[in-house]
Amino acid sequence: LPEIIQIDTQQKSYQIFLGVDLKNKLITLLEKTPGRRVFIVYDTHLESTCKTLSELPQVIGSFEVGSGENSKNIDTFYHLHTQLMKVQFKRTDYLVALGGGVVGDLTGFVAATYQRGCGFIQVPTTVLAQVDSSVGGKTAINHDLGKNMIGAFYQPDAVIADFQLLKSLPARQMINGFSEIIKAAILGDIKLFEALERVDDLSSCDMLPIISRSVKVKKAFVEADENDLGIRNQLNLGHTFGHAIETIHRYEDILHGEAVAIGMVIASNFAYDNKMLCAKDKARIHQLIQQIGLPTELPIRCNPKNMIEAMTLDKKNLNNGVTFVVPRKIGQCEIIKDFSADTLYQWLKTRY
Ligand SMILES: NC(=O)c1ccc[n+]([C@@H]2O[C@H](COP(=O)([O-])OP(=O)(O)OC[C@H]3O[C@@H](n4cnc5c(N)ncnc54)[C@H](O)[C@@H]3O)[C@@H](O)[C@H]2O)c1
């Protein structure tokens, strides 16, 4: 049975529909708001779904976004605005983001800025987007000098997660999304962690309870700290080290979830070495990451020196120290703020 999760933020309250049929759900939503039209922004891999949705009378146009991180840029942002003006899109109409995190982040930022904010519906089509990027209102495009540097907090009006759309995802992308699910489990849901330990085939497992539980962990952090000024930082578990790995790889060859998985291994090693995490939980975290098919080893191009350099350049670590999240036990994490970059470097050298 489908499930609805309500997100309550100061900006907006909205519902996330999990395990529903996309077209039917969109029809129902649009029936509730007569007169509001729809413009679909779609990932190139979702062309046939976009065609099917375009049969709806409310759809007035669509915009194709090329696959990959390079599309999340100022040019695509500008062209999309141009198209919206050409079809006389109104701020009361809905922009629908049909794709993974790239399309979601880009479309969300256009939605936040088109006439100072228009209607916005997220239709996430990757595991990563269904559990993470479509929830919480972070939208952004990249600048040549840094990823996600230009953006806004802009909550959607609804999120429709249709699991059928995941069927065409390549296996590597499927596994990639599970990294954020493992993260959610370590952050706040030991039962989810245990359920993941029992998964032996990702392609046949029941996605509803897994995605639902992960979204609920994110919901708790987003509702407690919508603008990411405090406790929501915990969602960065694995990300400080992960971003450094992605930066060193120039966002090529390694996927975000893979980098985060390695980052979670580094964070748990740090926590264990500093007597903040017991040996058993550290071993379970490593074992689960491996079992899901995610990498655990630092890639060959990375070393303590370039990792520290990348981390101190990160926009989240501008105070010279490094802020990162460590697990204290499965289901509970802690933020380590402005940790000395030199001490972290010395520790990294003992391990890597
Ligand atoms: N806003 C947030 O809170 C947040 C959180 C995490 C990540 N992100 C952002 O999300 C992006 C990564 O998202 P992603 O992993 O979904 O990547 P993505 O959007 O690039 O999608 C991954 C790949 O899968 C393809 N694809 C998408 N849906 C498909 C489907 N149903 N069938 C077949 N192929 C499909 C895409 O074309 C692409 O090649 C990054 O830009 C990251 O910064 C944002």
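Here's a quick rundown of the structure. (Residues numbered from 1 in each chain as written. Predicted model: local features only at pLDDT ≥ 70, side-chain atom pairs only at ≥ 80, totals over all residues. Heavy atoms only, no water.)

### Remarks on the overall build of the protein
Inclusion rule: Here a strand is any run of E in DSSP of at least two residues, a helix any run of H or I of at least four, and the numbering for each starts at the N terminus. Radius of gyration: over C-alpha atoms. The globule rule applied is 2.2 Å multiplied by the number of residues raised to the 0.38 power. A simple rule labels every residue: compare its accessible area, found with a 1.4 Å probe on the protein chains alone, to the largest value its type can have, and call it buried under 20%, exposed over 50%, or partly exposed in between. Contacts between residues were defined by any pair of non-hydrogen atoms, one from each residue, lying within 4.5 Å. For every accessible area listed, the method is Shrake-Rupley and the probe measures 1.4 Å; residues are considered covered only by the protein chains on display. Working convention for charge: Lys and Arg count positive, Asp and Glu count negative, and His plus the chain ends are omitted. Note on charges: their place is set at NZ of Lys, CZ of Arg, CG of Asp or CD of Glu.
When you go through the protein residue by residue, the secondary structure sums to 13 helices and 11 strands. In terms of C-alpha radius of gyration, the protein reaches 20 Å, essentially the compact-globule figure of 20 Å for 352 residues. Principal axes of the C-alpha set define a box for the protein whose edges measure 60 × 40 × 35 Å. Burial analysis of the protein (352 residues in total) assigns 58% to the buried set. Relative to all contacts within the protein whose residues are 6 or more apart in sequence, the contacts with residues 24 or more apart total 71%. Split by element, the accessible area of the protein, about 15500 Å² in all, is 51% carbon and sulfur. On the protein, the mean spot of the 38 positive side-chain charges and the mean spot of the 39 negative ones are 3 Å from each other.

### A few points about the packing of aromatic side chains
Stated precisely, the cut-off is as follows: Working definition: rings of Phe, Tyr and Trp (its six-membered ring) pair if their centres are within 6.5 Å, and the pair is stacked with planes under 30 degrees apart, edge-to-face with planes over 60 apart, and tilted otherwise. The criterion for a charge sitting over a ring is simple: Lys NZ or Arg CZ within 6 Å of the ring centre, and within 35 degrees of the ring normal.
This structure, assessed with the given rule, holds 10 aromatic pairs. Relative to F339, the ring of F270 has its centre 5.3 Å away and its plane inclined at 90 degrees; by these criteria the two rings are edge-to-face. Of this pair, F270 sits in helix α10 (residues 256-273) while F339 sits in strand β11 (residues 332-339); the two residues are 69 residues apart in sequence, bridging distant segments of the chain. Here K12 stacks its cationic end above the ring of Y154, 4.6 Å away from the centre of that ring.

### Focus: the pairing of strand β10 (residues 322-329)
Each regular strand displays side chains that alternate between the two surfaces of the sheet. Under the convention used in this document: Strands pair, by our definition, only if DSSP identifies at least two bridges between them.
With six of eight residues buried, β10 is to be regarded as a mostly interior element. Sheet topology note: the β10/β11 ladder contains six bridges and is antiparallel. Residue P327 lies in a different strand from β11, and its bridge partner there is C333.

### A short note on the layout of surface pockets
What counts here: The distinction between a cavity and a pocket rests on a 1 Å grid over the protein atoms alone: a 1.4 Å probe fits inside a cavity but cannot get out, while a pocket stays open yet meets protein on both sides within 12 Å along at least five of seven lines, and a residue with an atom within 4 Å of a point counts as lining. Grid points are joined across faces, edges and corners, and a volume is the space filled by probe spheres set on the points. Asp, Glu, Lys and Arg are counted as charged, while Ala, Val, Leu, Ile, Met, Phe, Trp, Tyr, Cys and Pro are counted as nonpolar; the rest, among them Gly, fall into the polar class.
The space that makes up the second largest pocket amounts to roughly 240 Å³. Around the second largest pocket sit 13 residues that line it, and L166, K167, M174, L202 and S203 are the ones nearest its centre. Sorting elements by how many residues they give to the lining of the second largest pocket places helix α6 (residues 171-188) first, with three residues. Grouping the constituent residues of the lining of the second largest pocket by class yields nine nonpolar, two polar and two charged.

### Describing the pattern of salt bridges
Rule in force here: One speaks of a salt bridge when a side-chain nitrogen belonging to Lys or Arg is within 4 Å of a carboxyl oxygen belonging to Asp or Glu.
The full count for this structure, using the stated rule, is 18 salt bridges. One salt bridge in this structure joins K216 and E3, with 2.9 Å as the shortest N-O distance. You can see K216 sitting in helix α8 (residues 207-224) and its partner E3 sitting in strand β1 (residues 3-8), a full 213 residues away along the chain. Across the pair K138 and D228 runs a salt bridge, and its minimum N-O distance is 2.7 Å. Pair noted here: K138 is in strand β7 (residues 138-143) and D228 is in the loop between α8 and α9 (239-248), with a separation of 90 residues, a long-range link.

### Some words on the site of the ligand
Note the following rule: Only a single heavy atom is needed: when it lies within 4 Å of a molecule or strand, its residue is near that molecule or strand. Counting of polar contacts relies on pairs of N or O atoms within 3.5 Å, with two restrictions inside protein: one atom must be capable of donating a hydrogen and the other of accepting it, and residues adjacent in sequence are counted only when both atoms are side-chain atoms.
Residues in contact with the ligand amount to 24 residues; listed here are only the nearest, S67, T125, T126, K147 and S168. D105 has a polar side-chain atom sitting 3.0 Å from a nitrogen atom of the ligand. Here the shell around the ligand is composed, by residue class, of five nonpolar, 11 polar and eight charged.

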